[in-house]
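Structural overview for review
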Amino acid sequence: MKKAFTIGLATALTVLSAATPAMARTSSEGFDGSGWSRPVCQTVAGDGSVTYAWNDGKKIASTSEVLGPIVYTTGLVALDRPNQLLAMSNRRLLASKDAGCTWNVAGEVKGSFVELVAAQGGRAYAWDRDGNLALATPEGVTPLTGPGGDLIGIGVDRGDGDRLRASDLQGQLHESRDGGRTWQPVGVPAWSPSDTRMSYTAVFDPHDLDHVVLGASDTGARVTFDGGRTWTSAAGLAGDGDRVNVFSAAISPAAGNVVWAMGLNLAELEAGVPSGGRHIYRSDDGGRNFTPAVDQDAVVTIPNGPLLAPHPKDADVLYFDFGTGWSAIGTDIYKYESRKDRVTVNHNAYDRVTSIAFNPAHPSVMYLGVSEEA
C-alpha cells in the first residue's frame, strides 16, 4: 500500500520567564464541547508536563517551566465542564480550568504510569495496571477500591458517570454501578485460566460498554459486543498460521464500528520484510475484521504499543506517535487520513508525547502530555 507523505517541523520550546495567560470564558457544560473555548495563551503556565498544539502538532505552545527528568505524563482528559482538563504527571494530578493555559497540582494518586478516563459530572477515574483506582476532580483525589488483580483497561458509560467496566489480564470484565466502590464480574473471560498468552490492552466503546476489544500476544485480538458473554477472535491481522501481537488499540469516539490497532506480525518479523511486521490496522466492523492501514517504513516508525488517538469527530483520522529520549531524537506525531490513504508527520523536540486529548469544541486544538526521559 503506497501512501502520500508530508513532513513538517515543530520545535517544542520552553521559556525562562512565566507569562500570565489570558483566562478563557466558560458557560454551559458537556462532552460535546458546549461552552469550551480555544486556549488563547502563548505560553502555558505550569511545570511543563502539558502543552497544546494546533495544525496537527506543527505548532506547539511554549511552557513557562522546563520539564525536568524523569517525568511521564500518561493521563490527559478533557472533562464535561467547560475548559476543564485533568492530567497525570508521574503520581501528581494536574488540573486546568482555563482551556489548558494554566495547570496546578490538584492532588496525588497512588500507582505508576497512571491513566485517566473522563466521566460525566466533571470528574475522571485514575487507574494503573497494578489495580490502583481513584476518583479525580480539579478539587482533589478520592481513593477507590478496584475490582482486584491487574487491570488492562477501564471504560466509563458516557451517560452515567457512576457506571464503569474494567478488564483484568484474562479478559474477565467487571462492572461497578456506584462509581468504583463495589464491583461484580460480568460475562466470561476472553482467555481460559490455563492460557499462557499475555494480554496487553482492553479498550471500551465510550458509547457502548458492551463493546470491548482486547489486544494480546500471538492471537492478536478478541472482541465482544455483549459485555463479555461471548468473545470472537479478530480476523485479518495475520495470515494463516501467523502469530501477531496487538499491543495497543482504540475505538473511535466518532463511530464505534471503527477500531484501530497496532500489531506486530511475528512471521513477517522473522522473514525480514521491509515493515518488520509492524502495522497500524483498521477495522470497519467493530473489531471483527482488520486490514493493514499504515506500514512501518523509512518515514513512519511504529514501536510496540504506540499511543493511538482517534480524532473525536472524524472516524477516518487517527493520530499516533513515535518518540524517544535517546540521543535527543525527539517525537514524531503522525496523522493518518484513511480517505486519502495519507500520513502527515510533524516533529517536536520532546522526548515523548505520552498522552493526547482534544478540545471538545475545537478538535484542531490538541493537548499534549509530554515526557522527559533524559
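For the structure itself, look to the data block above.
Positions within a chain are numbered from 1, following the residues in the order the chain's sequence is written. Restriction of local features to residues with pLDDT of at least 70 applies here, the model being predicted, together with a cutoff of 80 or more for giving and counting side-chain atom pairs; totals for whole chains, interfaces and linings are based on all residues. Side-chain calculation: all heavy atoms of the structure are included, whereas hydrogens and water are not.

This part covers the overall build of the protein. When helices and strands are tallied, the protein shows one helix and 31 strands. With the C-alpha coordinates aligned to their principal axes, the bounding extent of the protein is approximately 60 × 50 × 35 Å. In this description, contact between two residues means that some pair of their heavy atoms is separated by no more than 4.5 Å. Sequence-distant contacts in the protein: of pairs separated by 6 or more residues, those separated by 24 or more amount to 50%. A total of about 15,100 Å² of accessible surface is found on the protein, and carbon and sulfur atoms cover 50% of it. Here a helix means four or more residues in a row that DSSP labels H or I, a strand means two or more in a row labelled E, and each is numbered from the N terminus. Only the protein chains shown count as cover for residues, and the accessible areas themselves come from Shrake-Rupley with a 1.4 Å probe.

Working definition: the strands of a sheet are paired by backbone hydrogen bonds and lie parallel or antiparallel to each other. One requirement defines pairing of two strands: DSSP has to find at least two bridges between them. Overall, antiparallel pairing links the four strands, which are arranged β14-β15-β16-β17 in an open sheet. The open sheet has two edge strands with one neighbour each: β14 (151-156) and β17 (184-186). With direction set aside, neighbouring strand axes in the sheet form an average angle of 30°. Strand direction decides the pairing type here: strand β16 (residues 173-176) and β17, joined by three bridges, are antiparallel. As a rule, the C-alpha atoms of each element are fitted with a line to give its axis, helices using only the stretch in contact, and angles between N-to-C directions run from 0 to 180 degrees.

With that settled, the discussion passes to the sheet that holds strand β4 (residues 59-60). With antiparallel pairing, the four strands of this open sheet are ordered in space as β4-β3-β31-β30. The outermost strands of the open sheet, each flanked by one partner alone, are β4 and β30 (352-358).

Take the side chain of H311 next. Looking at the element boundaries, H311 is found in the loop between β26 (308-310) and β27 (317-324). Within the structure, the side chain of H311 is placed 3.0 Å from the backbone nitrogen of K313, a separation counted as a polar contact. N or O atoms within 3.5 Å of each other form a polar contact, as long as, within protein, one can give a hydrogen and the other can take it, and as long as residues adjacent in sequence are counted only when both atoms are side-chain atoms. In terms of polar contacts, H311 uses its side chain to reach the backbone amide nitrogen of D314, at 3.1 Å.

Okay, the state of the cysteines next. To count as a disulfide, a pair of cysteine sulfur atoms needs to be within 2.5 Å. Overall, the coordinates contain one disulfide when judged by the stated rule. Residue C41 pairs covalently with C101 via a disulfide, S to S 2.2 Å. Across the S-S bond linking C41 and C101, the dihedral sits near -95°, which makes this disulfide left-handed. Remark: C101 occurs in the loop between β8 (92-96) and β9 (104-108) and C41 occurs in the loop between β1 (4-9) and β2 (43-44); sequence separation between them is 60 residues. Accessibility assignment for this pair places C41 and C101 in one class, buried. Buried residues are those whose accessible area, probed at 1.4 Å on protein chains only, stays under 20% of the maximum for their type, while exposed residues exceed 50% and partly exposed ones sit between those limits.

So, on to the packing of aromatic side chains. Any two of the Phe, Tyr and Trp rings considered here, Trp counted by its six-membered ring, make a pair once their centres fall within 6.5 Å; the pair's planes then place it as stacked at under 30 degrees, edge-to-face at over 60, or tilted in between. If you walk through the whole model with that rule in mind, you get six aromatic pairs. For the pair W260 and Y336, a centre-to-centre distance of 6.0 Å together with 85° between the ring planes defines the contact as edge-to-face. Placement of W260 in strand β23 (residues 259-265) and of Y336 in strand β28 (residues 330-337) is noted, with a sequence separation of 76 residues between them. Both residues of the pair, W260 and Y336, belong to the buried class. With 5.7 Å between their ring centres and 45° between their planes, Y319 and F358 make a pair best called tilted.

The next thing to look at is the pairing of strand β11 (residues 123-127). Of all five residues in β11, five are buried; the element is thus mostly enclosed. Side chains R123, Y125 and W127 of β11 all project onto a buried face; the interleaved residues A124 and A126 project onto the opposite face, where all are buried too. Across five bridges, strand β10 (residues 115-119) lies against β11 in antiparallel orientation. Bridge pairing links L116 to A126 in β11. Hairpin geometry of β10 and β11 is characterised by an intervening segment of three residues between the two adjacent antiparallel strands and by a positive phi of about 100° at G121. Pairing between β11 and strand β12 (residues 133-137): four bridges, direction antiparallel. The residue bridging A126 from the neighbouring strand is A134, located in β12.

Bringing the environment of S364 into the picture now. Looking at where S364 falls in the secondary structure, it is placed in the loop between β30 and β31 (366-371). For S364, a relative accessible area of 44% gives the class partly exposed. Linking S364 and V117, residues 247 residues apart in sequence, is a C-alpha distance of 21 Å.

Now for empty space enclosed by the protein. Here a cavity denotes grid points, spaced 1 Å and computed from the protein atoms alone, that fit a 1.4 Å probe unable to get out, and a pocket denotes an open set having protein on both sides within 12 Å along at least 5 of 7 lines; residues with an atom within 4 Å of a point are the lining. Grid points are joined across faces, edges and corners, and a volume is the space filled by probe spheres set on the points. The full count for this structure, using the stated rule, is one cavity of 30 Å³ or more. When its volume is computed, the largest cavity comes out at roughly 30 Å³. Around the largest cavity, the lining residues are V44, A45, G46, D47, G48, S49, V50, T63, L94 and W103. Side-chain classes follow a simple rule in which Ala, Val, Leu, Ile, Met, Phe, Trp, Tyr, Cys and Pro form the nonpolar group, Asp, Glu, Lys and Arg form the charged group, and the remainder, Gly included, forms the polar group. When the residues that make up the lining of the largest cavity are grouped by side-chain class, the tally is five nonpolar, four polar and one charged.

Moving on, we come to the pairing of strand β3 (residues 50-54). For β3, a buried count of four out of five residues is recorded, marking the element as mostly surrounded by other parts of the structure. Bridging between β3 and β31 involves four bridges; their strand directions are antiparallel. When the bridges of β31 are listed, V50 appears paired with G369. Sheet topology places β3 next to β4; two bridges connect them, and they run antiparallel. Along β4, the bridge assignment pairs W54 with K59.

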